[in-house]
Amino acid sequence: MAEYDNKPKKAKFDEDDKAKRVELEEDRPKKVELEGIVAEKLPNNLFIVELDNSLKVLAHVSGRMKMNCINILPSDRVKVELNPNDKTKDGRFRAKIVFRSK
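Since this is a predicted model, take the numbers as computed values, not measurements.

Each value, and the rule that gives it
Residues numbered from 1 in each chain as written. Predicted model: local features only at pLDDT ≥ 70, side-chain atom pairs only at ≥ 80, totals over all residues. Heavy atoms only, no water. Helix = DSSP H or I, 4+ residues; strand = E, 2+ residues; numbered from the N terminus. Buried < 20%, exposed > 50% of the residue type's maximum accessible area, 1.4 Å probe, protein only. Contact = heavy atoms within 4.5 Å. pLDDT = per-residue confidence, 0-100. Pairing = 2+ DSSP bridges. Core = buried A, V, L, I, M, F, W, Y, C linked by side-chain atoms within 4.5 Å. Salt bridge = Lys/Arg side-chain N within 4 Å of Asp/Glu carboxyl O.

## A look at the overall build of the protein chain
Then, in step 1: Along the protein chain, the regular secondary structure elements total 2 helices and 5 strands.
Then, in step 2: Taken from the N to the C terminus, the helices and strands of the protein chain come in the order α-β-β-β-α-β-β.
Then, in step 3: Residues counted as buried form 22% of the 102 residues belonging to the protein chain.
Then, in step 4: Taking as baseline every contact in the protein chain between residues at least 6 positions apart, the subset at least 24 positions apart corresponds to 51%.

## Things to note about the confidence of the model for the protein chain
Detail in the predicted coordinates should be disregarded across regions flagged by low pLDDT.
Then, in step 1: Here the protein chain averages 83 in pLDDT, while 72% of its residues score no lower than 70.
Then, in step 2: Across the protein chain, strand E2 (residues 46-51) holds the top mean pLDDT of 96, while helix H1 (residues 15-27) sits lowest at 63.

## Description of the pairing of strand E5 (residues 93-100)
Then, in step 1: Where strand E3 (residues 56-61) lies against E5, 5 bridges are found, and the strand directions are parallel. Bridge pairing links Leu 58 to Arg 94 in E5.
Then, in step 2: Taken together, the 6 bridges between strand E4 (residues 77-87) and E5 define a ladder with antiparallel strand orientation. Looking at E5, one finds that Lys 87 is bridged to Phe 93.
Then, in step 3: What sits between the antiparallel neighbours E4 and E5 is a turn of 5 residues, in which Gly 91 has the positive phi angle 95°.

## A short note on the nonpolar core
Then, in step 1: Formed by 15 residues in total, the largest nonpolar core has its most connected members in Phe 47, Val 49, Val 57, Ile 72, Val 78, Val 80 and Ile 97.
Then, in step 2: Only E2, E3, E4 and E5 provide two or more residues apiece to this core.
Then, in step 3: Beyond its immediate chain neighbours, meaning those up to four positions away, Phe 47 contacts Val 38, Glu 40, Lys 41, Val 57, Leu 58, Ala 59, Val 61, Ile 72 and Ile 97.

## Here's the deal with the pattern of salt bridges
Then, in step 1: Per the counting criterion, the structure on display carries 3 salt bridges.
Then, in step 2: Between Glu 35 and Arg 77 there is a salt bridge whose closest N-O contact spans 3.5 Å. Placement of Glu 35 in strand E1 (residues 32-42) and of Arg 77 in strand E4 is noted, with a sequence separation of 42 residues between them.
Then, in step 3: Overall, the relative accessible area of 33% leaves Glu 35 in the partly exposed class.
Then, in step 4: The partly exposed category is assigned to Arg 77, whose relative accessible area is 31%.
Then, in step 5: As a salt-bridge pair, Glu 81 and Lys 96 come within 3.6 Å of each other at their nearest N and O atoms. One end of the pair, Glu 81, is in strand E4; the other, Lys 96, is in strand E5, and 15 residues separate them in sequence.
Then, in step 6: Salt bridges sharing partners connect three or more residues here, namely Glu 35, Asp 52 and Arg 77.

## Focus: the environment of Ile 37
Then, in step 1: Positionally, Ile 37 belongs in strand E1.
Then, in step 2: Linking Ile 37 and Leu 51, residues 14 residues apart in sequence, is a C-alpha distance of 6.4 Å.
Then, in step 3: Excluding its chain neighbours within four sequence positions, the residues that come into contact with Ile 37 are Ile 48, Val 49, Glu 50, Ser 75, Asp 76 and Arg 77.

Structure below.
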């Protein structure tokens, strides 16, 4: 049998590709971490969190907190990660709960 030379070729990246990647990462909006208190528990692991600046956001639980079975109840102090560009239809911001204070 004849050997074929159809081995997958490795992609070569030059410095321009690396520079483009860095520029794209810089263009993304930075996520903001804020603290607040859980005001209300909604179905499907959703919560309404009132931040320290009196803004209310709709928040979901992060995957790491789900894996470790961390329960969140109303009146718990939490840290949320907020994307400034992400809003829901009713004008609230969406956030992700990343930490529950003791």
